[in-house]
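# A structural walkthrough
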Amino acid sequence: MAFTAAQIASVMDCPVQRVAHMGQIVIPDGPANGSGHRAQYSFRNILEMAITERLMNFGVPRKRIQRYLEALRKAHNHWLEIDGPDEGFILMSSDWRWGAGTTIEGAVGVLARFLPVDGFIAIDIGFIKKSLLLNLHPAFSS
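First, a word on what this report is: a plain description of the structure on this page. Residue numbering note: each chain is counted from 1, following its sequence as written. Selection of residues for local features in this predicted model requires a pLDDT of at least 70, selection of side-chain atom pairs for listing and counting requires 80 or more, and totals for whole chains, interfaces and linings are taken over all residues. Side-chain numbers here rest on the full set of heavy atoms in the structure, without hydrogens or water.

### Observations concerning the sheet that holds strand β1 (residues 89–93)
Two strands pair if DSSP finds at least two bridges between them. Labels follow the DSSP assignment, with helices taken as runs of H or I lasting at least four residues and strands as runs of E lasting at least two, numbered in each case from the N terminus. Spatially, β2-β1-β3 is the arrangement adopted by the 3 strands of the open sheet, whose pairing is antiparallel. Either end of the sheet is taken by a strand with one partner, and the two such strands are β2 (98–101) and β3 (120–124). Direction aside, neighbouring strands of the sheet carry axes that sit 20 degrees apart on average. Judged from the 4 bridges that link them, β1 and β2 form a sheet pairing that is antiparallel. By the bridge assignment, Ile90 is partnered in β2 with Ala100. Every residue pair with non-hydrogen atoms within 4.5 Å of one another is taken to be in contact. Note on definitions: angles span 0 to 180 degrees between N-to-C directions of axes, and those axes are lines fitted to C-alpha atoms, for helices only across the stretch in contact. Sitting on the sheet, helix α4 (residues 62–74) is in contact with β1 and β2, with an inclination near 30 degrees to β2.

Spelled out as structure tokens, the structure:
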């Protein structure tokens, strides 16, 4: 199912302009093709925008967010897919490294493979996914 920026703004309870701003970071699965055509976003795109919003709130630079999202898209766990894991965490360390895991401990283990972790920001992908699905329920039934 495809969603418009206005539908996403409603689901995320934010202005359409905020969605448009995040649309500069998140590439829609159905890009607008010419004048009069609107971009169409998938569930994965909505989840990417929710993650983007949280990372932006922590002051993470746009290019870094784009790299994180690209890596998550390619991850074998399919974190961003609607049928991917229902539980999972993304962690970003104080030195801008990131890791993902089904538990916080697992994600810390990914980060700690190369350098010790003294602090991190955690984003609960499972919680975000569940809340988006609850908010999208009316869209799925229409």
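That shown, we press on.
### Examining the side chain of Ser93
Here Ser93 is to be found in strand β1. Buried, partly exposed and exposed residues are distinguished by accessible area as a fraction of the type maximum, computed with a 1.4 Å probe on protein chains only: under 20%, between the cut-offs, and over 50%, respectively. According to the relative accessible area criterion, Ser93 is buried, its value standing at 5%. N or O atoms closer than or at 3.5 Å make up a polar contact, with two conditions inside protein: a donor-capable atom paired with an acceptor-capable one, and, for residues adjacent in sequence, both atoms drawn from side chains. A polar contact of 2.3 Å, which involves the side chain of Ser93, links it to the side chain of Asp95. Residues in contact with Ser93, not counting those within four places in the same chain, are Leu111, Gly119 and Phe120.

### Quick notes on helix α3 (residues 43–57)
Across its 15 residues, α3 extends 21 Å between first and last C-alpha, which sits within 8% of the 21 Å expected from 1.5 Å per residue. Taken across its 15 residues, α3 has 12 buried, putting it largely inside the fold. Looking at α3, one finds that the buried residues are Phe43, Arg44, Asn45, Ile46, Leu47, Glu48, Met49, Ala50, Ile51, Thr52, Glu53 and Leu55. A positive backbone phi angle near 80 degrees is found at Gly59, which sits one or two residues after α3. To estimate how far a helix should reach, multiply one less than its number of residues by 1.5 Å.

### Some thoughts on the pattern of salt bridges
When a carboxyl oxygen of Asp or Glu is within 4 Å of a side-chain nitrogen of Lys or Arg, the pair counts as a salt bridge. According to the stated counting rule, one finds 9 salt bridges in the structure shown. The partner of Arg44 in a salt bridge is Glu48, and the shortest N-O contact between them spans 3.4 Å. Remark: Glu48 and Arg44 occur in helix α3; sequence separation between them is 4 residues, near one turn of the helix. In this pair, the class of Arg44 matches that of Glu48, namely buried. The shortest N-O distance in the salt bridge between Arg44 and Glu81 comes to 3.8 Å. Highlighted residues: Arg44 in helix α3 and Glu81 in the loop between α4 and β1, separated in sequence by 37 residues. Relative accessible area serves as the criterion here: at 27%, Glu81 is assigned to the partly exposed category.

### Comments concerning the nonpolar core
Nine residue types can take part in a nonpolar core, namely buried Ala, Val, Leu, Ile, Met, Phe, Trp, Tyr and Cys, and a core is a set of them joined through side-chain atoms within 4.5 Å. If you look at the biggest cluster of nonpolar residues, it comprises 35 residues, and the most contacted ones within it are Ile8, Met12, Leu47, Met49, Ile51, Leu55 and Leu132. For this core, the secondary structure elements donating two or more residues are α1 (5–12), α2 (16–22), α3, α4, β1 and α6 (125–141). With 7 residues, the single largest contributor to this core is α3. Sequence-distant contacts of Met49, defined by excluding residues within four places in its chain, comprise Ile8, Met12, Val19, Met22, Gly23, Val26 and Tyr41.

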